[in-house]
Amino acid sequence: MTRTMEKIAPALLIVSVFVVWELFCLMAGISELVLPRPTQIVAALVKYAPAIWPHAWQTFYTTMVGFAFGVAIGLSLGVLIGSSKLAYKTAYPLLVGISSVPKVAVVPIFVLWFGAGTVPAILTAMIICIFPIVVNVATGIATVEPELEDVMRSLKATKMEILRNVGLPRSMPYFFASLKVAITLSFVGSVIAETVASNKGVGNLMMIAASSFNVPLVFAGLMVLAVMGMSLYAIFSVIERRMAGWAMRKEVQ
Amino acid sequence: MKQVPIVELQKVGVTYGQGPDQTEALVPTDLTIAKGDFVALVGPSGCGKSTILKLVSELLEPTSGTILFGGRELGAKPMRVGMAFQSASLLPWMSVRENVMLPLKIVPPFKADFRAKKGGEYRDRVDDLLAQVGLLDFADKSPWQLSGGMMQRANLCRALIHDPDLLLLDEPFGALDQFTREELWQTLQALWLDRGITVMLVTHDLREAAYLASRVCVMSARPGRIIEDRAVPFARPRPIDITFESDFVSLVQDLRGQIVHAPVGRTEDAA
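Residues numbered from 1 in each chain as written. Chains lettered and ligands numbered in written order. Predicted model: local features only at pLDDT ≥ 70, side-chain atom pairs only at ≥ 80, totals over all residues. Heavy atoms only, no water.

Peer 1: Please set out the packing of helix α2 (residues 38–47) of chain A against helix α3 (residues 49–82) of chain A residue by residue, giving values where relevant.
Peer 2: Residues and elements named next belong to chain A. It is at 5 Å that the axes of α2 and α3 come closest, and there the two elements cross at 80°. One element, α2, and the other, α3, form an angle in the roughly perpendicular class. Here α2 contributes A44, L45, V46 and K47 to the contact with α3, which in turn contributes A49, P50 and I52. For the contact of α2 with α3, the class distribution of residues is six nonpolar, no polar and one charged. (Axes fitted to C-alpha atoms, helices over the stretch in contact; angles between N-to-C directions. Helix = DSSP H or I, 4+ residues; strand = E, 2+ residues; numbered from the N terminus. Parallel < 35°, antiparallel > 145°, perpendicular 65-115°, else oblique. Contact = heavy atoms within 4.5 Å. Nonpolar A, V, L, I, M, F, W, Y, C, P; charged D, E, K, R; others polar.)

Peer 1: How would you sum up the sheet that holds strand β10 (residues 226–231) of chain B? Please name residues and give values.
Peer 2: Residue and element names in this part refer to chain B. Taken in spatial order, the six strands of this open sheet run β6-β7-β8-β3-β9-β10, and their pairing is mixed. For this open sheet the edge positions go to β6 (81–85) and β10, each flanked by a neighbour on one side alone. This sheet shows a mean twist of 15° between the axes of neighbouring strands, independent of strand direction. This element, helix α5 (residues 148–160), spans β6 and β7 (166–170) of the sheet and lies at about 165° to β6. (Pairing = 2+ DSSP bridges.)

Peer 1: Go over the nonpolar core with me, naming the residues and quoting the values.
Peer 2: Ranked by size, the top nonpolar core spans 139 residues in total, and within it V7, I52, V56, M200 and V216 of chain B carry the most contacts. Considering every element that reaches this core, the biggest residue donor is helix α10 (residues 215–244) of chain A, with 12 residues. Domain assignment of the residues forming this core places at least three in each of domain 1 (1–79 + 165–172 + 197–263) and domain 2 (85–164) of chain B. Apart from residues lying up to four places away in sequence, M200 of chain B is in contact with L31, I33, V39, L41, I52, L53, V56, L166, L167, L168 and L169 of chain B. Judged by nonpolar contacts, the second largest core, of nine residues, contains I81, V106, F110 and V134 of chain A. (Core = buried A, V, L, I, M, F, W, Y, C linked by side-chain atoms within 4.5 Å. Buried < 20%, exposed > 50% of the residue type's maximum accessible area, 1.4 Å probe, protein only. Domains from an automatic or database assignment.)

Peer 1: An account of the pairing of β6 of chain B is needed here, citing residue identities and associated values.
Peer 2: Summarising burial for β6 of chain B: five of the five residues are buried, a large majority. Covered by surrounding structure in β6 of chain B are V81, M83 and F85 of chain B together with G82 and A84 of chain B, the residues of both alternating faces.

Peer 1: Before we move on, can you summarise the domain arrangement of chain B with the specific residues and values?
Peer 2: Residue and element names in this part refer to chain B. What the domain assignment lists for chain B is domain 1 (1–79 + 165–172 + 197–263) and domain 2 (85–164). Both sides of the domain 1 and domain 2 interface together cover about 720 Å² of buried area, and 64% of this is carbon and sulfur. The three residues of domain 1 that bury the most area against domain 2 are L167, D170 and P172, which together make up 48% of that side's buried surface. The tally of links from domain 1 across to domain 2 stands at zero salt bridges. Across the contact surface, domain 1 and domain 2 share three residue pairs in polar contact (both at pLDDT 80 or more). (Buried area = accessible area lost by both parts, 1.4 Å probe. Salt bridge = Lys/Arg side-chain N within 4 Å of Asp/Glu carboxyl O. Polar contact = N/O pair within 3.5 Å; in protein donor to acceptor, adjacent residues only side chain to side chain.)

Peer 1: Break down the interface of chain B and chain A for me, with residues and values.
Peer 2: Buried accessible area, meaning the area lost when the parts come together, often serves as the stated size of an interface. Listed per partner, the contact involves 23 residues of chain B and 19 residues of chain A. With both sides pooled, the region where chain B packs onto chain A buries about 2,100 Å², and carbon together with sulfur makes up 67% of that total. Among the residues of chain B in contact with chain A, W93, I106 and W144 of chain B are the three that bury the most area, contributing 34% of the side total. The interface formed by chain B and chain A contains three salt bridges. Residues K54 of chain B and D150 of chain A are paired through a salt bridge, measuring 3.8 Å at the closest nitrogen-oxygen approach.

Peer 1: So, a nonpolar patch on the surface: which residues are in play, and what are the values?
Peer 2: Among the surface-exposed residues, V15, V19, L23, L26 and M27 of chain A lie close enough to one another that they form a single nonpolar patch of about 510 Å² accessible area. In this fold, M27 of chain A is placed in helix α1 (residues 2–28). (Patch = residues over 30% accessible without salt bridge, like charges linked within 9 Å, V, L, I, M, F, W, Y side chains within 5 Å. Areas by Shrake-Rupley, 256 points an atom, 1.4 Å probe, with all protein chains shown as cover.)

Peer 1: Report on the UniProt feature "transmembrane region" (unreviewed entry) in chain A, specifying residues and quantitative values.
Peer 2: All names here are of chain A. According to UniProt, the positions carrying the feature "transmembrane region" (unreviewed entry) are residues 12–30, 60–82, 94–116, 122–144, 174–193 and 213–239. Structurally, residues 12–30 is divided into 89% helix and 0% strand, and its ends, taken at the C-alpha atoms, are 25 Å apart. Secondary structure across residues 213–239 divides into 93% helix and 0% strand, with the first and last C-alpha atoms of the span separated by 41 Å. (UniProt positions renumbered as here; feature names shortened; annotations may be inferred.)

Peer 1: Pulling in residues and values, what's your account of the layout of surface pockets?
Peer 2: Residue and element names in this part refer to chain A. Its volume calculated, the largest pocket comes out at about 490 Å³. Of all the secondary-structure elements, those providing two or more residues to the lining of the largest pocket are α3, α4 (85–100), α6 (118–142), α7 (146–154) and α8 (159–196). Per element, the largest residue contribution to the lining of the largest pocket is five residues, and it comes from α8. Looking at the lining of the largest pocket, its residues break down into nine nonpolar, five polar and five charged. (1 Å grid on protein atoms, 1.4 Å probe; cavity = no way out; pocket = protein on both sides within 12 Å on 5 of 7 lines; lining within 4 Å. Points joined across faces, edges and corners; volume = space filled by probe spheres on them.)

Peer 1: Describe the UniProt feature "domain: ABC transmembrane type-1" (unreviewed entry) in chain A, and please don't skip the residues or the numbers.
Peer 2: The UniProt entry lists residues 56–236 of chain A under the feature "domain: ABC transmembrane type-1" (unreviewed entry), expressed in the numbering used here. With 88% helix and 0% strand, residues 56–236 of chain A has end C-alpha atoms that lie 20 Å from one another.

Peer 1: So what's going on with the sheet that holds strand β2 (residues 23–33) of chain B? Residues and values would help.
Peer 2: All names here are of chain B. Pairing within the open sheet is antiparallel, and its four strands lie in the order β2-β1-β4-β5. The sheet is open, and its two edges are formed by β2 and β5 (72–73), each paired on a single side. Judged from the five bridges that link them, strand β1 (residues 7–16) and strand β4 (residues 64–69) form a sheet pairing that is antiparallel. If you follow E8 over to β4, its bridge partner there is L68. In the packing of helix α1 (residues 49–56) onto the sheet, the strands contacted are β1, β2 and β4, and the crossing angle to β1 comes to about 120°.

Okay, structure coming up:
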């Protein structure tokens, strides 16, 4: 009983948020220009579906490309930094510095270099998701138990062997946990870039809708983003359980 | 006929740190381990017991002196070493069998054939060893499904699977309850008798040292120094009841007295 409850509870919560939202707007008589009701948002979704679709695809595509590059770079940097104390200490301050720069601020630079459109969106999605991946992978590798490292070193294992047999597998739970954060961040990145400088994508669609006071369409755009983010989060959760289920112990068994 | 000792420490000293912060961990020490020996190192905490193990396993370089392996200098002849610590540190993503198999993947000459023999010959080798310590039924389990005692059994197997010249144990049973610990003493004794391995055991449990070892080396507080090297005469295999006999009890009391009343530091300076 409690298990099925656990499973449906999240959906129940989402539905009840929408119901409360709907009732609140109806009872307080809030104009759709300020806060559209969920039913109005769904109506807008259906009405503008053909117009939304290419934008949604654009956002999805730039996010995924940026994310893929981000994962590749983040993973390699993480391995590099995690496996050497010197590299960790040397590179960490720089990484923190880069990651604390607000990503909206770098979009104009990308636009300057590559022109408005797809490329800045991909780059923003990429750069925003690198940091959490690097930190997580590096932490996973750097926190190998000293006893275990001694056991491996006493077997005369090379650095590569220790990394391959211990460090990398050990960092996988950290890696997959960071992917869930990274994918949602990537959406933030590409939408920011689209909002600032693009003629395509959900971010751009929302800008245009807002400037013509089509508030339900703005919210429809938000809804599309939320659904995409949630679906990818769910996909990565499944992959995480497959690849690093050992870290969750009883849940898999 | 005198056999070449498997390990020989000649005036080996260790100093950690540099300048005014430096601490002497080990006063230049001589220690000889013969093949087939079972030597226990006992002493107060911080006396350099573990330092000696790290020296022998080449995890640490001595500040002074020479370490000979099989009569030759360090690095000249590769020594095969197996190590086990108090924390079993088994890899949670592998089964018990895969954990025990790990050294075969890394240590030559097994390394070369690992891929080919992983499913066959090496698997039998691992299963034989697991059976010997009573873990065969748990070979496919994950480490976190084992009890603390079983984890240490697996840990011992991992340290032994590659037929090390020297088995180094750093308080391997320190975190176990008394009953489990005594069970593991018997397991370890059986392994030692069966395989003719050479063992160095670091422990602060004097009963453990007296029960398991053929030689007990008592060390003084930091900076560490071997103040007594005593042979333990009891016949093998030793039953666990021996720990209640008067000879055994008086040996343990004697060792204890030596540690408690040990002069601190280097006596040769005072003389």
